[in-house]
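Listed below are the residues making up each chain.
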Amino acid sequence: MANISRWDPFSELVTLQDRMSQLLNQPFGFGIGDRTEQQLAFSNFVPPVDVYEDEHHITLQAEIPGVEEKDLNLHVENNVLTLSGERKLETEKKKENFHRLERHYGRFTRSFTLPPTADTQNVNADFENGLLKVTIAKREEAKPKQIRIGVGKPSTSAQALKPGKEKAA
């Protein structure tokens, strides 16, 4: 069974107008889809992050090459860990003639909602060779506990609940 839908001629005009605007905003000599050097240099830079956990810690590792420690900011507020900073475009006194500029520069912000098991008072960060490693300890009550199983011996709480035995007052 076919669905009948109403044709809106103006929606096609808006789409055509958007495509023409994109085409005319491209500098000459570049094909559609290419970006100028300035757009490449200052487009959104988002560092990749790995998040993993073990029984005692939650760990985040962010690759941030070319960023200095003084340009990084890391804080925890309301169980949200926020990493922000800036990778600056290095400018020298002499002008270089770039043919292609593919590395991204600019400000970035990444936020991660931490689970309730995270101990936000116990966070450590280490930055070395462009790799930021943030380690967050888990709360003691969230860590796995080994429970001993008694064979042939009921627990004390189970003895107290046996019928026929009354608690001495």
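Note that the coordinates shown come from a computational prediction; the quantities given were computed from them, not determined experimentally.

Quick notes on the rules
Residues numbered from 1 in each chain as written. Predicted model: local features only at pLDDT ≥ 70, side-chain atom pairs only at ≥ 80, totals over all residues. Heavy atoms only, no water. Buried < 20%, exposed > 50% of the residue type's maximum accessible area, 1.4 Å probe, protein only. Helix = DSSP H or I, 4+ residues; strand = E, 2+ residues; numbered from the N terminus. Pairing = 2+ DSSP bridges.

Asks: Give me the pairing of strand β2 (residues 57-63): which residues, what numbers.
Replies: In the case of a regular strand, side chains alternate between the two sheet surfaces. Most of β2 is tucked away, with five of its seven residues classed as buried. With five bridges joining them, strand β1 (residues 49-53) and β2 adopt antiparallel strand pairing. From the neighbouring strand, D50 faces β2, where its bridge partner is Q61. Hairpin geometry of β1 and β2 is characterised by an intervening segment of three residues between the two adjacent antiparallel strands.

Asks: Explain unusual backbone geometry to me, using residue names and the numbers behind them.
Replies: Here N79, not a glycine, exhibits a phi torsion of approximately 60°, which is positive. Relative to the assigned elements, N79 resides in the loop between β3 (72-77) and β4 (80-87). With a relative accessible area of 23%, N79 lands in the partly exposed category. Non-glycine residue N129 carries a positive phi angle of around 50°.

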